[in-house]
Amino acid sequence: MKTKLVYFAWVRERIGRSDEEIEVPDGVVTVGELLNHLKARGEEYEAALQYPEAIRVAIDHEHVGHGEPLGTPREIALFPPMTGG
Amino acid sequence: MKTKLVYFAWVRERIGRSDEEIEVPDGVVTVGELLNHLKARGEEYEAALQYPEAIRVAIDHEHVGHGEPLGTPREIALFPPMTGG
Amino acid sequence: MAMRPEIRVQREDFDVTEEVRRMTNARTDVGAVVTFCGLCRDDGGSLSALELEHYPGMAEAQMRRIAEEAGERWLLSGLTAVHRFGLIRPGENIVLVVAASMHRQAAFDGANFMMDYLKTSAPFWKKEHLLSGASGSWVEAKDTDDAALRRWRGSAAD
Amino acid sequence: MAMRPEIRVQREDFDVTEEVRRMTNARTDVGAVVTFCGLCRDDGGSLSALELEHYPGMAEAQMRRIAEEAGERWLLSGLTAVHRFGLIRPGENIVLVVAASMHRQAAFDGANFMMDYLKTSAPFWKKEHLLSGASGSWVEAKDTDDAALRRWRGSAAD
């Protein structure tokens, strides 16, 4: 499955890009499995995703927990805890 | 003791004036006694002070309870419960 | 407390932006400003105006006392209260409170406290004027306003 | 709920009076308007600016979800939330919330709720730029902000 990933704040800085399209392997079903899969893609991903529990994930603009299935999204976003307001 | 009295809202309307100077007799020591004394001054006062517990009193711009002594004030104000804001 | 409340009782309307700016201008330690505007409502469609009467001198003194009490309870960098008097039409402003602080909850609590006490202990009274031309009645004090006060009793500072 | 929240994410500043007027204009059923302004603070004197990053699309969607939830919990006649992005200097505005209602406590609670959720669940991030020219760090999420959320859980509507 081809999926668009978008990154924000220090996740974006560490990975070194703001978005990309990746091929999600068939075995990767949940959000948590996607994070693990990405972490193995290189040291910039390793640096960004070192503490997966600090990573917030949104699928098609909605927050999801790490145990949720990915489904067939248009866009998956990875970012740090939010600090707006 | 000569004292200035000021009236507001429906207390003012019923008494028919916004202020006056009166002679407070020696036996009138507390706020409550003053209200009773005024009530006896005529039917307009009777109408205004019919329910003394509904009357709020301020001495020199400070709220006082009906049991408080009058002291030697510059100004005593009588008015209904406040409805600002 | 270095905080000096700005207290005004006036016939004219106020401008919220202007009052906020007064409290944030040329300083960088204010993180939160909460404003409250109270407006003249006309639920039944029969109101021409509210006539706001006040006790000059005591109104300002009482508003200042409440503001200073708020300043003792919460860490506020500024507190403004403006109360209008005279004839006020439905949809027009009656009262403004502005509370500024480093932190948002102090600003919310300071403004909320100021309004609760303004409603019940500042010497203002409202009389209704009806569209029919008839003189309406004096607005009565509400039990719910007294109830609102109780939550501030004995509550610790911020 | 007839209430339609006004949600904006923008680079430009906002005007509080203007946003209040938008919610009270030509109506006589609004008795209370509470506004919250969040400003850029510089406690240490070393900050040049905050850079506000956001997730376009989701930011608006999330702000709208929070506003609609507020509209279900309290009787609000209107709710506005404006969040800025880009470089924001100390003393400048970051965020505005305006809640309008017949009654004052609903307006206070609606605005307060909106701010607590904006802080913790709307996709915005702050990076510090220092006067020294050095790139500062990303502002970290605060435990106190998560704690502030808890008070809204399971609390009944107005």
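Keep in mind it's a predicted model, so treat the numbers as computed, not measured.

S.K.: I'd like to hear about helix α4 (residues 143–150) of chain D, residue by residue, with values.
M.R.: Taken together, the buried positions of α4 of chain D are Asp145, Ala148 and Leu149 of chain D. The arc that holds every buried residue of α4 of chain D, seen down its axis, measures 105 degrees, which confines them to one face. For α4 of chain D, the exposed residues lying more than 90 degrees away from the buried face are Asp143, Thr144 and Arg150 of chain D. Of the surrounding elements, those touching the buried residues of α4 of chain D are α3 (104–121) of chain C together with α3 (104–121) of chain D.

S.K.: A description of the side chain of Gln10 of chain C should follow, citing residues and the corresponding values.
M.R.: Residue and element names in this part refer to chain C. With respect to the helices and strands, the residue Gln10 is situated in strand β1 (residues 6–10). Judged by its relative accessible area of 10%, Gln10 falls in the buried class. At 3.0 Å, the side chain of Gln10 and the side chain of Arg8 are in polar contact. Engagement of the side chain of Gln10 in a polar contact is seen with the backbone oxygen of Asp13, the distance being 3.2 Å.

S.K.: Can you explain the relation of the copies chain C and chain D? Please cite residues and give values.
M.R.: Structural alignment of chain C on chain D gives an RMSD of 0.0 Å, achieved by rotating through 180 degrees and translating 0.0 Å along the axis. Here the symmetry operator amounts to a two-fold rotation axis. Same-surface contact between copies: 100% of interface residues of chain C are shared with the interface of chain D.

S.K.: Could you give me a rundown of the arrangement of the chains, with the residues and numbers involved?
M.R.: There are three pairs of chains in contact here; the most contacts are made by chains C and D. A gap remains between chain B and chain D, with no contact made and the closest C-alpha atoms lying 10 Å from each other.

S.K.: Let's hear about α3 of chain D: which residues, and what values?
M.R.: Taking 1.5 Å of rise per residue, the 18 residues of α3 of chain D would be expected to cover 26 Å, and the 26 Å separating its terminal C-alpha atoms lies within 8% of that figure. Where burial is concerned, most of α3 of chain D is hidden: 17 out of the 18 residues are buried.

S.K.: If you had to explain the packing of aromatic side chains to someone new, which residues and values would you point to?
M.R.: We describe a pair of aromatic rings using the distance from one ring centre to the other and the angle between the two ring planes. Using the criterion set out here, one finds 20 aromatic pairs over all chains in the structure. Judged by centre distance (6.3 Å) and plane angle (65 degrees), the ring pair of Phe79 of chain A and Tyr55 of chain D falls under edge-to-face. Of this pair, Phe79 of chain A sits in strand β5 (residues 75–79) while Tyr55 of chain D sits in the loop between β3 (47–54) and α2 (58–73), which puts the two residues in different chains. Summarising the burial analysis for this pair, Phe79 of chain A and Tyr55 of chain D share the class buried. Relative to Tyr117 of chain C, the ring of Phe113 of chain C lies with its centre 4.7 Å away and its plane at 35 degrees, an arrangement referred to as tilted. Of the two residues, Phe113 of chain C and Tyr117 of chain C both sit in helix α3, four residues apart, roughly one turn of that helix. Like Tyr117 of chain C, Phe113 of chain C is buried. Taken together, the aromatic side chains of Phe8 and Phe79 of chain A together with Tyr55 and Trp125 of chain D make up a single cluster linked through ring pairs.

S.K.: Go over the packing of α3 of chain D against α4 of chain D with me, naming the residues and quoting the values.
M.R.: All names here are of chain D. Remark: α3 packs on α4, axes separated minimally by 9 Å, with the N-to-C direction vectors making an angle of 135 degrees. Judged on the interaxial angle alone, α4 and α3 are oblique. Two packed elements cross with a definite hand, and for α3 against α4 that hand is left-handed. Residues Asp116, Tyr117, Lys119 and Thr120 of α3 form the contact with α4, whose own contacting residues are Asp145, Asp146, Ala148 and Leu149.

S.K.: I'd like to hear about the pairing of β3 of chain D, residue by residue, with values.
M.R.: All names here are of chain D. For β3, the tally of buried residues reaches seven of eight residues, placing the bulk of the element in the interior. Here β3 pairs with strand β7 (residues 124–130) via seven bridges, running antiparallel. For Leu47, the partnering residue across the bridge sits in β7 and is Leu130.

S.K.: Lay out the interface of chain A and chain D in plain terms, naming residues and giving numbers.
M.R.: Taken together, the contacts link 19 residues of chain A with 26 residues of chain D. The largest contributions to the chain A side of the interface with chain D come from His61, Thr83 and Gly85 of chain A, which together make up 38% of the buried area. In this structure, the connection of chain A to chain D is made through three salt bridges. Measuring nitrogen to oxygen at the nearest pair gives 2.4 Å for the salt bridge that ties Glu13 of chain A to Lys127 of chain D. Where chain A packs against chain D, one counts 14 residue pairs in polar contact (both at pLDDT 80 or more). Mapped onto the side of chain A that touches chain D, the elements with two or more residues apiece are α1 (9–15), β4 (62–64) and β5 of chain A. Sort the elements by how many residues they give to the side of chain A that touches chain D and α1 of chain A lands first, with four residues.

So, how was this worked out
- Residues numbered from 1 in each chain as written.
- Chains lettered and ligands numbered in written order.
- Predicted model: local features only at pLDDT ≥ 70, side-chain atom pairs only at ≥ 80, totals over all residues.
- Heavy atoms only, no water.
- Buried < 20%, exposed > 50% of the residue type's maximum accessible area, 1.4 Å probe, protein only.
- Helix = DSSP H or I, 4+ residues; strand = E, 2+ residues; numbered from the N terminus.
- Arc of directions from axis to C-beta.
- Contact = heavy atoms within 4.5 Å.
- Polar contact = N/O pair within 3.5 Å; in protein donor to acceptor, adjacent residues only side chain to side chain.
- Least-squares fit on C-alpha atoms with pLDDT ≥ 70 in both.
- Expected span 1.5 Å × (residues − 1).
- Phe/Tyr/Trp six-rings, centres within 6.5 Å; stacked < 30°, edge-to-face > 60°.
- Axes fitted to C-alpha atoms, helices over the stretch in contact; angles between N-to-C directions.
- Parallel < 35°, antiparallel > 145°, perpendicular 65-115°, else oblique.
- Left-handed = near helix turned anticlockwise from the far one by under 90°.
- Pairing = 2+ DSSP bridges.
- Buried area = accessible area lost by both parts, 1.4 Å probe.
- Salt bridge = Lys/Arg side-chain N within 4 Å of Asp/Glu carboxyl O.

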